[in-house]
Amino acid sequence: MPAVGGIGPGTGKEYPGNLTLYVLVTCIVAAMGGLIFGYDIGISGGVTTMTPFLQKFFPSVWRKKEADKTKNQYCQYDSQTLTMFTSSLYLAALLASLVASTVTRKLGRKLSMLFGGLLFFAGALINGFAKAVWMLIVGRMLLGFGVGFANQSVPLYLSEMAPYRYRGALNIGFQLSITVGILIANVLNYFFNKIEGGWGWRLSLGGAMVPALIITVGSLILPDTPNSMIERGQTEEAKAKLKRIRGVDDVDEEFRDLVAASDASKLVEHPWGNLLQRKYRPHLTMAILIPFFQQLTGINVIMFYAPVLFNTIGFKDDAALMSAVITGAVNVGATLVSIYGVDKWGRRFLFLEGGVQMLICQAVVAACIGARFGTNGDPGDLPKWYAVVVVLFICIYVAGFAWSWGPLGWLVPSEIFPLEIRSAAQSINVSVNMLFTFAVAQVFLTMLCHLKFGLFLFFAFFVLIMSIFVYFFLPETKGIPIEEMNQVWKTHWYWSRFVEDLDYPNGGMEMSKGGQGPKNV
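Residues numbered from 1 in each chain as written. Predicted model: local features only at pLDDT ≥ 70, side-chain atom pairs only at ≥ 80, totals over all residues. Heavy atoms only, no water.

## A look at the packing of helix α1 (residues 21-31) against helix α8 (residues 167-192)
Packed helices, taken two at a time, are described by the angle their axes make and the gap between the axes. Rules: All axes are obtained by fitting lines to C-alpha atoms, using only the stretch in contact for helices, and the reported angles, taken between N-to-C directions, cover 0 to 180 degrees. Counting from the N terminus, the helices are DSSP H or I runs at least four residues long and the strands are E runs at least two residues long. Here is the rule for handedness: rotate from the far helix to the near one, and if that takes an anticlockwise turn smaller than a right angle the crossing is left-handed, while a clockwise turn gives right-handed. Residues count as neighbours in contact if any of their non-hydrogen atoms are within 4.5 Å of one another. Charged means Asp, Glu, Lys or Arg here, nonpolar means Ala, Val, Leu, Ile, Met, Phe, Trp, Tyr, Cys or Pro, and polar covers whatever is left, Gly included.
At a minimum axis distance of 8 Å, the contact between α1 and α8 shows a crossing angle of 35°. The handedness of the crossing between α1 and α8 comes out as right-handed. On α8, the residues touching V23, L24, C27 and A31 of α1 are L170, G173, F174 and S177. By residue class, the composition of the contact of α1 with α8 is six nonpolar, two polar and no charged.

Below you can see the structure in the form of structure tokens.
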């Protein structure tokens, strides 16, 4: 296999196999697990701008918003209770991801997806019929448990099912369904807000039952991955399944490597503790820093609170919801660009290009808002060109994220972990993602109130830092079989000092010379 980005897999293995219709349909159905995450991201921001919703559950916010239209626009939504409504989901998802690691490893990826769908359905049902704030919070936490299970299992499922040549594009199907979920939620919010009687918010929140049913039914009909079947002792069934999903009979080499990886993983009694071993230093670093940086791009500020943000910077309620629909549509379109280019241009190129694009846009948006609002938050009469410029640059920013840090933040961690630590490392990845999603969602409106337009410069600083990190420390993983992935660390200028040939003599297999078990460093 030719070197990719200056880093080849070392062993030169190329597993035979095709992108079969069976795998394509399977991965599309599995990727629908992202709908529940995306729908929730999109729905919560729109609901919190609906007047009937605020009057019923957050009357103090509504009074502050309506009492004086000329007061500081930066602070009109500053309410910890209101942000807890949004952010409680991500705290619950963080806790669920820790449990989901064990379920995904011991019971399979399918069952983890099933649990996710059922919990999300229960949360949507409670939220749709909510009578008090505590019901909203309980429902949101159940939604969070569902998201935690789905985000743990779906990326792993896609990476294990896909042929390595198409792994990037198929895995990004998860991010695509997240963006579709956001767009659907934004469109529904726009129309449900027009329902007379002020009960449209119930349809918005209760509508989450539909994507919950999709992932629940999908998990029942999907096949399990060969990796997961081998892990649970179903060896012969796994080989037959591998032949079917690859579309060829010659799967012996790939199957032997999967079995060897599984045998090694079974000898690892404490995968969580093993993550601290020296040879897993690059994997642990990426499992923590990639989701950390993904949330510190500021994207969830836009996606959670797009209607709130646009309303805060002077657009009326309908205009705010429509602006959120526009950014949602851009999000979907740009994710399609990533699906096309990720296995063509590589992960590093998209990471770096997206970082530069987001950095420029955040600086421009900060300048636009600072020029009109200053530090007192009173913009006066906003001209139409101002609205067009702000929405345009926010859309360009969203596009940059949607073809870089959005999908790759889930793809790269899911494809770099050896089988013996895969579930535990993915759990770390999801937990860090949810922890900082929770933190950003909880403090955003308060930060907006105090930092004002400087909030966009705050996130721009982290975009700069993470782009530098990718340039120096993230190797290219395009076109490398998942079982061979550890070769990229051996040849990296920095990470090679942590990984020795004896650690991974068979590419991704953690076997000692005599095949007697994992080698500790």
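Resuming the write-up.
## A closer look at the packing of aromatic side chains
What counts here: Note on aromatic contacts: the rings of Phe and Tyr and the six-membered ring of Trp form a pair at centre separations within 6.5 Å, being stacked when their planes are under 30 degrees apart, edge-to-face when over 60 apart, and tilted otherwise. Categorising residues by exposure relies on relative accessible area from a 1.4 Å probe, with only protein chains included: less than 20% of the type maximum marks a residue as buried, more than 50% marks it as exposed, and the intermediate range marks it as partly exposed. Distance and angle both matter: a charge sits over a ring if NZ of Lys or CZ of Arg is within 6 Å of the ring centre and within 35 degrees of the ring normal.
One pass over the full model with this rule turns up 30 aromatic pairs. Measuring from centroid to centroid gives 5.8 Å for F115 and F149, while their planes differ by 85°, and the two rings are edge-to-face. Of this pair, F115 sits in helix α6 (residues 109-128) while F149 sits in helix α7 (residues 133-161); the two residues are 34 residues apart in sequence, bridging distant segments of the chain. On the basis of relative accessible area, F149 is assigned to the buried category, the value being 8%. Ring centres of W345 and F349 lie 6.2 Å apart, and the angle between their planes is 65°; on these two criteria the pair is classed as edge-to-face. A relative accessible area of 35% places W345 in the partly exposed class. The class of F349 is partly exposed, set by a relative accessible area of 46%. The positively charged end of K56 is found above the aromatic ring belonging to F57, 5.7 Å away from the centroid. The cationic tip of R348 hangs over the ring face of Y471; the distance from NZ or CZ to the ring centre is 5.9 Å.

## Brief notes about the pattern of salt bridges
Using the following cut-off: In what follows, salt bridge is the name for a side-chain nitrogen of Lys or Arg lying within 4 Å of a carboxyl oxygen of Asp or Glu.
Summed over the entire model, instances satisfying the criterion amount to three salt bridges. With a closest N to O distance of 2.4 Å, R140 and D40 form a salt bridge. Of this pair, R140 sits in helix α7 while D40 sits in helix α2 (residues 34-47); the two residues are 100 residues apart in sequence, bridging distant segments of the chain. Both residues of the pair, R140 and D40, count as buried. Ionic pairing is found between R347 and D343, a salt bridge with its closest N-O pair at 2.9 Å. For R347, a relative accessible area of 1% corresponds to the buried category.

## Description of the environment of M141
With respect to the element layout, M141 can be found in helix α7. Between the C-alpha atom of M141 and that of L91, which follows or precedes it by 50 residues, the distance is 7.7 Å. Every residue in contact with M141, bar those within four places of it in the chain, is listed here: S88 and A92.

## Re the nonpolar core
The tendency in soluble globular proteins is for nonpolar side chains to be buried as a group. Inclusion rule: Only buried residues count toward a nonpolar core, which is a set of Ala, Val, Leu, Ile, Met, Phe, Trp, Tyr and Cys residues joined through side-chain atoms within 4.5 Å.
If you look at the biggest cluster of nonpolar residues, it comprises 127 residues, and the most contacted ones within it are F53, F58, W405 and M434. In terms of residue count, helix α21 (residues 419-451) provides more of this core than any other element does, 13 residues in total. Setting aside residues up to four positions removed in sequence, W405 forms contacts with I290, F293, Q294, T297, F351, M358, M466 and V470.

## Focus on the environment of L457
The residue L457 is located in helix α22 (residues 454-473) in this model. Placed 95 residues apart in sequence, L457 and Q362 show a C-alpha to C-alpha distance of 6.6 Å.

## Some remarks on the state of the cysteines
To keep things clear, this is the line we draw: Cysteine sulfur pairs qualify as disulfides if the two atoms are within 2.5 Å.
The full count for this structure, using the stated rule, is zero disulfides. The thiol of C361 is unpaired, and the distance to the nearest cysteine sulfur, on C395, comes to 9.7 Å.

## Description of the side chain of S431
So the rule is basically this: The definition of a polar contact used here is a pair of N or O atoms within 3.5 Å, where within protein one atom must be able to donate a hydrogen and the other to accept one, and adjacent residues in sequence count solely through side-chain atom pairs.
Looking at where S431 falls in the secondary structure, it is placed in helix α21. Among the polar contacts made by the side chain of S431, one reaches the main-chain carbonyl oxygen of S427 at a distance of 2.7 Å. If near-sequence neighbours (up to four positions away) are discounted, S431 is found in contact with L94, S97 and L98.

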